[in-house]
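# An overview of the molecular structure
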Amino acid sequence: MHARGIALPHAQFTGKKLNRRFARASLVLTSCTALAVAGTLAGSTSAQATYYSGGMPKRSFNVKTVGINNEWVKYFDTGRKNWNDAGVKAKIGRKSTAKASFTAGRYSASWYGVYAPSGSRANRVFKIQVNARTLDRDAGSKYDQWVRSTTTHELGHALSLDDNPNTSKASLMKHSRNRATVQKPLAYDKSEVKRIYS
C-alpha cells in the first residue's frame, strides 16, 4: 500500500489561544462544515464532490520556496506551470515575499505530500511539504515523474480540489493515479477548477 498525499483539514481560530480539547473539537466541527459545504456545492451529482474548503479564494496567488535547492525549485516551477498552462485561468507565481510556502525534505512520515492551510478563505495561507524519502523509496526509476505528480497534486489543493473525488473519471487528485504518467491536471480536474471558481 502506497503512502498518500494529504490535504489537512482547515480550521479557523480567532481570539485567544484555545486549549487543546477545544481546538480538537473545532477541527472536527470545521471538517463537518467543510463536508456540508461540499455537499451543498455538489448538489445531486457525485461528479462535483471535489470541492476542498482549504483552497485559495482566487486562482491567482504567489508561493515562496523555502529551504530547497535548485532541483526542487524546478520541480515546484513545473507544478506551477502545469496548472498555469492548464487553461483554467490559474496564475500561480513564485515570489520570495509570499505568505504561502513550498518546501521538501526527507520526513519520517509515510505521506508523499502534505497541503496544510490556515486562516479564513479570504486570508488563506498554506504550506506544502513534499517527502523526498517516501518518493525515493516507492518511485524506483520514475522518481522525477512521481515528484512532479505529487507537486502538481498538492497545488491542486490550493485550487480547492479535494483528494479522491467521487468520480469514475481519471483525476490528478486521486491517490490511485499512476504517478509515472499523470503529472498534469486532467480534463476532470480542469473542469472542476473552472466550476469552483466560476
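Here's a quick rundown of the structure. Chains are numbered independently. Their residues run from 1 in the order of the written sequence. This being a predicted model, a pLDDT of at least 70 is required before a residue's local features are given, and a value of 80 or more before pairs of side-chain atoms are given or counted; all residues contribute to the totals for chains, interfaces and linings. Calculation of side-chain values draws on the structure's entire complement of heavy atoms; hydrogens and water are dropped beforehand.

Salt bridges are identified by distance alone: a Lys or Arg side-chain nitrogen within 4 Å of an Asp or Glu carboxyl oxygen. All told, the structure shown has 6 salt bridges when counted by the stated rule. One salt bridge connects Arg80 with Asp77, and the closest N-O pair in it is separated by 3.0 Å. Here Asp77 and Arg80 lie together in helix α2 (residues 70-84), a separation of 3 residues that amounts to about one turn. Per residue, the accessibility class of Arg80 equals that of Asp77, and both read buried. One salt bridge connects Glu192 with Arg195, and the closest N-O pair in it is separated by 2.9 Å. One end of the pair is Glu192 and the other is Arg195, both in helix α5 (residues 187-196) and 3 residues apart, which spans about a single turn. A single network of salt bridges, built from pairs that share partners, joins Asp77, Arg80 and Arg94. Numbering of helices and strands runs from the N terminus, with a helix taken as a DSSP run of H or I at least four residues long and a strand as a DSSP run of E at least two residues long. For each residue, the accessible area found with a 1.4 Å probe, counting protein chains only, is set against the maximum for its type, and the residue is called buried under 20%, exposed over 50%, and partly exposed in between.

On to the nonpolar core, then. We call a set of buried residues a nonpolar core when its members are Ala, Val, Leu, Ile, Met, Phe, Trp, Tyr or Cys and they connect through side-chain atoms within 4.5 Å of each other. With 41 residues, the main nonpolar core has Trp72, Trp83 and Phe126 as its most contacted residues. For this core, the elements supplying multiple residues, two or more each, are β2 (60-65), α2, β4 (100-105), β6 (125-131), α3 (132-139), α4 (143-158) and α5. We call two residues in contact when some of their heavy atoms are within 4.5 Å. Excluding residues within four positions of it along the chain, Phe126 makes contact with Met56, Phe61, Val63, Lys99, Ala100, Ser101, Tyr115, Ala116, Pro117 and Ala158.

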